[in-house]
Structures are given as structure tokens and as C-alpha cells.
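Next come the chains, spelled out residue by residue.
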Amino acid sequence: YGRTDPKNYWLGCINPHVVAAGWAGGIGRGLVEGPFEMVKVRNQVLSGWHFRDIFQGFGTTLLRNSGLFSGFVIYMDIFKQQIE
């Protein structure tokens, strides 16, 4: 068990396992960050909040974090391939 065969890379340089790991990491971060972000923003604008409001905008946070985290991990993997 080790490296993915380079012939299975997308566009010749993107490892699909890295993409999946990036999405999974982004979802994990979003699960933790979403509720805290909602409470933080509501407190900043001095707006009250209820427990049922914690997951408002949750899907957007998951999508944003997954895309950004995946993009970052892909970038780092490509950079690592270039320096090896």
C-alpha cells in the first residue's frame, strides 16, 4: 500500500485520493466551524439567536470549506510532486 499509480491521476497531476481527502477534511472542518461561525456572527451584529438557528447556512459553509480545503490540498500535492 502506498502511492497511487500516476497513470490514474486526473490531468496527469491530480491524485483522486488527495481530492477525496481534501473534501473530507473540508466537511470535517465545516461540521465544527459552522455552528461556531453562526454564533460568532450573531453576537457581532448584536442579534439574538436560538439553538435551532445554529445550522442556518450550514450547507453553504460545508460547500465553501470543502472546495477551499480540497483546492489547497491539491495545490500542495502538485507542488510536492514538482519538488520531488
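Up top you'll find the structure we're talking about.
Residues numbered from 1 in each chain as written. Predicted model: local features only at pLDDT ≥ 70, side-chain atom pairs only at ≥ 80, totals over all residues. Heavy atoms only, no water.

> What should I look at first to understand the pattern of salt bridges in this one?
Oppositely charged side chains can form a pair if their charged atoms are brought close together. Under the counting rule described, the total for this entry stands at four salt bridges. In this structure, the salt-bridge partner of Lys40 is Glu37, at a minimum N-O distance of 3.2 Å. Highlighted residues: Lys40 and Glu37, both in helix 1 (residues 16-44), separated by three residues, approximately one helical turn. Residue Lys40 is classed as partly exposed on the basis of its relative accessible area, which comes to 39%. Close ionic contact of Arg42 with Asp53 constitutes a salt bridge, the shortest N to O distance being 3.8 Å. Placement of Arg42 in helix 1 and of Asp53 in the loop between helix 1 and helix 2 (58-83) is noted, with a sequence separation of 11 residues between them. In terms of burial, Arg42 and Asp53 fall into one category: buried. If you follow the salt bridges from partner to partner, you end up with Arg29, Glu33 and Arg64 in one network. (Salt bridge = Lys/Arg side-chain N within 4 Å of Asp/Glu carboxyl O. Helix = DSSP H or I, 4+ residues; strand = E, 2+ residues; numbered from the N terminus. Buried < 20%, exposed > 50% of the residue type's maximum accessible area, 1.4 Å probe, protein only.)

> Just to check I follow, could you spell out the packing of aromatic side chains for this structure?
Ring pairs (aromatic) are described by centroid distance and by the angle formed between their planes. In this structure the tally under the stated criterion is one aromatic pair. Ring centres of Phe55 and Phe58 lie 5.1 Å apart, and the angle between their planes is 85 degrees; this geometry places the pair in the edge-to-face category. Take Phe58: its relative accessible area is 17%, and that puts it in the buried class. (Phe/Tyr/Trp six-rings, centres within 6.5 Å; stacked < 30°, edge-to-face > 60°.)

> What's the story with helix 1 in this structure? I'm lost.
Owing to its 3.6 residues per turn, the α-helix aligns residues three or four sequence positions apart on the same side. Along its 29 residues, helix 1 runs 39 Å from first to last C-alpha, staying within 8% of the 42 Å computed at 1.5 Å per residue. At Glu33, helix 1 shows its largest kink, close to 35 degrees, and the proline Pro35 lies no more than four residues downstream. Taken as a whole, helix 1 has its buried residues at Val18, Val19, Gly22, Gly26, Gly30, Glu33, Gly34, Pro35, Met38 and Arg42. Its side-chain oxygen placed 3.0 Å from the backbone nitrogen of His17, Asn15 serves as the N-cap of helix 1. Leu46 sits one or two residues past helix 1 and shows a positive phi near 55 degrees. (Expected span 1.5 Å × (residues − 1). Bend = angle between axes of the 7 residues up to and from the residue. Polar contact = N/O pair within 3.5 Å; in protein donor to acceptor, adjacent residues only side chain to side chain.)

> Would you explain helix 2 in this entry?
Under the 1.5 Å per step criterion, the end-to-end length of helix 2 is 38 Å for 26 residues, consistent within 8% with the ideal 38 Å. Listed as buried for helix 2 are Phe58, Thr61, Asn65, Ser66, Ser70, Ile74 and Asp77. Where helix 2 is buried, its residues touch helix 1. (Contact = heavy atoms within 4.5 Å.)

> Just checking my understanding: could you explain unusual backbone geometry for this structure?
In most cases, non-glycine residues show a negative phi, while peptide bonds are predominantly trans. Residue Leu46 is not a glycine yet carries a positive backbone phi of 55 degrees. Take Leu46: it is sitting in the loop between helix 1 and helix 2. Look at Leu46 and you get exposed, because its relative accessible area is 78%.

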